[in-house]
There are 2 protein chains.
Amino acid sequence: MRKPRIVIVGAGYGGMITTVRLQKLLSVNEADITLVNNNSYHYQSTWLHENAAGTLHHDKTRLNIREVIDTSKVNFVQDTVVDIRSKEKRVVLGNGELEYDYLVIGLGFESETFGIKGLKEHAFSISNINSARQLRDHMEYMFSRYATEKRDELLTVVVGGAGFTGIEYLGELVNRMPELVKEYDLPREKVRIVCVEAAPTALPGFDPALIEYAVSHLEKKGVEFRIGTAIKEATPEGLIVAKDDKMEEIKAATVVWAAGVRGNALVEQSGFEAMRGRIKVDEFMRAPGHDDVFLVGDAALVFGPEGRPYPPTAQIAIQEGYTIAKNLTVLVRGKGELEPFAFDNKGTVCSLGHDDAVGIVFGKLLFGWKASFMKKVIDNRYLFLLGGPLLVLKKGKLNFF
Amino acid sequence: MRKPRIVIVGAGYGGMITTVRLQKLLSVNEADITLVNNNSYHYQSTWLHENAAGTLHHDKTRLNIREVIDTSKVNFVQDTVVDIRSKEKRVVLGNGELEYDYLVIGLGFESETFGIKGLKEHAFSISNINSARQLRDHMEYMFSRYATEKRDELLTVVVGGAGFTGIEYLGELVNRMPELVKEYDLPREKVRIVCVEAAPTALPGFDPALIEYAVSHLEKKGVEFRIGTAIKEATPEGLIVAKDDKMEEIKAATVVWAAGVRGNALVEQSGFEAMRGRIKVDEFMRAPGHDDVFLVGDAALVFGPEGRPYPPTAQIAIQEGYTIAKNLTVLVRGKGELEPFAFDNKGTVCSLGHDDAVGIVFGKLLFGWKASFMKKVIDNRYLFLLGGPLLVLKKGKLNFF
């Protein structure tokens, strides 16, 4: 009898956890497991803002997939997913095809510009290792030009979006600024960091006391906030913004778009019913009408008991991976009961640079070093789940103070 | 009786050596000495190619002037020289004026593009700390874009000129390439480094055996040489070159112009008779018809016994500084005889990265580590002359092997 073939596409938080849980739960005789990813490495997308600001090297953020998974139990294929043909139970890759009995889709997120003119062409996003590194080098190059060109806009960085990514990026940026001022012999007073947010507050949905702490911390370090201000257009010169129908141009050589993400467009293109690349899953994390297709991470739209979708985070993706691995084990063995997914929200921490943060953990508000400490504990716990204590030692955040 | 006022404009090799020699030879009661420079720092222009390639940080190349000179004996003014009014014995600065009894002009070199179309706009030069740092960051930024844009020309660097600067820059560049390939996840085979030289040979005027060694060393490390090939035009896309009237476009995101230097244009603008910013000096290093104006370094055109001008090098600038300081001492004291300048050519070494070089020292050809060793001895000797053993320890090249 042929062994069931499990194919996992995408090695983000969800895909990786699904894979390492499966290789623990199933023996090599029970299933053929294949993990597909476009890069040879997995990266922690929640650390990318640090790579983009240049406070953490991207090699700290990524892990060689072959060193994390057990290659005697899991086949790793480095290739790009081109199409998913669910009727044929087949995944088309750039250089081949894979047939599956069970598929796990974890293709991650993409930047979403909501059709705002010029953003795709003129703004940088913090979406993956390549784009984060490019943003870092772009900003540094603009700074390097100041000494010869003396144009003030070379020293202006505008961040669109005061959500998690925007705020965490700003926290790293202000921390790095003294180093950049020295490296490029810049006049500190000429450096401008502006954050534009269309919503009436920064960090929408967060506790007001935490928002107040975060905003005043960043303002003290020089960030100018433009709250309730919408981006109308990005141009080669910077941004056109509007508040209460009053238009303004902010000249800036570096524009970062950190206000929108969506699931991978391939999910819709493959014929699944999806909203911005995300599929509303059944209670077992499967695509409706496809009992052999699981969704994890940004590909999965999961509704909470209040009827609202949970925001896609690393935390929920990791928990989904656990559930999916368990359910796949039940299906492969043909015994036991499928387990419904239930999100256990342990809390959220938003970092403000490596030594400061705000958050709510186990229902308790945290500020400053306590929140920062907790953030690092969370990051290290993920590495522990993924690869045990050795991986924590190698890639963990051990600079606690 | 008023003390004679000596003003030295420009803190390059020649200006710095003149200053430190003067502060040693003259007592504070004998003269007022003022050094003017546009930056607060002196830099070793012969190391700039390393800063530009990114193999040496520019802070290693520059020295805080106030830490090298004796500020109890020399006034340091950080300002830009706007005009030299030799009839009024006056130097006009950006923020003031200085009167002098004796003037030493050491304003250094500028890049010279010989009117080749587009070079000023599209090519980088290795002229000072700012331009070297900008070139480094530009190349890195182009490399960072490759992962997202996949355009081959982003990974092409073209160097115009196979003279000293071009060859030494290439030597550093090939040495750094493995690091850059790793940093930016580049396919090594896509990286192209091309050197275009109009003359029929690289390193024109150098010993053929040394040229052969240098070229084959760089070719082995992947440099493509286009000898006897002229640059016709620089465009936003790269270079148009021609060999025997056959035109070719070399697409490149990074174009470096390393084939021409001239003296500072201010020298001509101030009414001195000059050729490309260089004044043919009398035997005592003075401007003809101006017994109170000395020229040092790139500002001075010095003819050898065969009737040909010496190329402007750090070595000759340093020796000129010694002669000028001695002659100023004679003039200030009103006794003794002026000393004619005689260049004592100790040799020339062209580095090929930090561990290889070619050169001729005391008439002997040197290759490989011996030449490289000698280059570092020369560099350290200059620092010793400037600031003694402590400066050698602080800024010297002590990585001998």
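Residues numbered from 1 in each chain as written. Chains lettered and ligands numbered in written order. Predicted model: local features only at pLDDT ≥ 70, side-chain atom pairs only at ≥ 80, totals over all residues. Heavy atoms only, no water.

Colleague: When you look at the sheet that holds strand β24 (residues 347-351) of chain A in this model, what are you seeing that I'm missing?
Modeller: Strand pairing in a sheet relies on backbone hydrogen bonds, with the paired strands running either antiparallel or parallel. Residues and elements named next belong to chain A. Strand order in the open sheet made by the three strands is β24-β25-β26, with antiparallel pairing throughout. Lying at the two open borders of the sheet, with one neighbouring strand each, are β24 and β26 (364-367). Along the sheet, successive strands turn relative to each other by an average axial angle of 10°, direction set aside. (Pairing = 2+ DSSP bridges. Helix = DSSP H or I, 4+ residues; strand = E, 2+ residues; numbered from the N terminus. Axes fitted to C-alpha atoms, helices over the stretch in contact; angles between N-to-C directions.)

Colleague: In this structure, what is going on with the sheet that holds strand β2 (residues 32-37) of chain B? I would like to understand it.
Modeller: Residues and elements named next belong to chain B. Strand order in the open sheet made by the six strands is β5-β2-β1-β9-β22-β21, with mixed pairing throughout. This sheet does not close on itself; its edge strands, each paired only once, are β5 (74-78) and β21 (286-287). Strand direction decides the pairing type here: strand β9 (residues 102-105) and strand β22 (residues 290-295), joined by three bridges, are parallel. Bridged to L103 within β22 is V293. Running over the sheet, helix α10 (residues 314-333) touches β1 (5-9), β9 and β22 and is turned about 155° from β22. (Contact = heavy atoms within 4.5 Å.)

Colleague: What should I look at first to understand empty space enclosed by the protein in this one?
Modeller: Left-over empty space is what a probe sized like a water molecule reveals as it rolls over the atoms. Residue and element names in this part refer to chain A. What the rule picks out here adds up to one cavity of 30 Å³ or more. Considered as a void within the structure, the largest cavity measures approximately 30 Å³ in volume. Considering the residues around the largest cavity, the lining is formed by L22, Q23, L26, S27, V28, A31, I33 and K73. Its residues assigned to classes, the lining of the largest cavity comprises five nonpolar, two polar and one charged. (1 Å grid on protein atoms, 1.4 Å probe; cavity = no way out; pocket = protein on both sides within 12 Å on 5 of 7 lines; lining within 4 Å. Points joined across faces, edges and corners; volume = space filled by probe spheres on them. Nonpolar A, V, L, I, M, F, W, Y, C, P; charged D, E, K, R; others polar.)

Colleague: Is there a simple way to think about the relation of the copies chain A and chain B in this case?
Modeller: In summary, the two copies of the chain are related to each other by a rotation about an axis coupled with a shift along it. Here chain A sits on chain B after a turn of 180° about the axis and a move of 0.0 Å along it, with an RMSD of 0.1 Å. What the superposition gives is, in effect, a two-fold axis relating one chain to the other. Of the C-alpha atoms belonging to chain A, the one lying closest to the rotation axis is found on A:Y141, 3.3 Å away. Mapped onto chain B, 100% of the interface residues of chain A again fall at the interface, so both copies present the same surface. (Least-squares fit on C-alpha atoms with pLDDT ≥ 70 in both.)

Colleague: Teacher, can you tell me more about the nonpolar core here?
Modeller: Soluble, globular proteins show a tendency: their nonpolar side chains are buried together. Ranked by size, the top nonpolar core spans 94 residues in total, and within it A:I167, A:Y169, B:I167 and B:Y169 carry the most contacts. When neighbours within four sequence positions are excluded, B:I167 is seen to be in contact with B:A162, B:A202, B:L203, B:L218, B:F225, B:C350, B:S351 and B:L352. One finds B:L63, B:V68, B:Y102 and B:Y382 within the second-largest nonpolar core, a separate group that totals 64 residues. (Core = buried A, V, L, I, M, F, W, Y, C linked by side-chain atoms within 4.5 Å. Buried < 20%, exposed > 50% of the residue type's maximum accessible area, 1.4 Å probe, protein only.)

Colleague: Can you help me understand the packing of helix α1 (residues 13-25) of chain B against helix α11 (residues 368-395) of chain B in this one?
Modeller: Geometry of a packed helix pair, given as the angle between the helix axes and the separation of the axes. Residues and elements named next belong to chain B. Where α1 meets α11, the closest approach of the two axes is 9 Å, and the angle between their N-to-C directions is 40°. In terms of axis orientation, α1 runs oblique to α11. Counting all contacts with α1, which are made through Y13, M16, I17 and V20, the residues of α11 involved are Y382, L385 and L386. Of the residues assigned to the contact of α1 with α11, the class counts are seven nonpolar, no polar and no charged. (Parallel < 35°, antiparallel > 145°, perpendicular 65-115°, else oblique.)

Colleague: I would appreciate a short explanation of helix α1 (residues 13-25) of chain A in the present structure.
Modeller: Since there are 3.6 residues in each turn of an α-helix, residues three or four apart along the chain are aligned in direction. For α1(A), which comprises 13 residues, the first-to-last C-alpha distance of 18 Å matches the rise-based estimate of 18 Å (1.5 Å per residue) to within 8%. Within α1(A), burial applies to A:Y13, A:G14, A:G15, A:M16, A:I17, A:T18, A:T19, A:V20, A:R21, A:L22 and A:Q23. (Expected span 1.5 Å × (residues − 1).)

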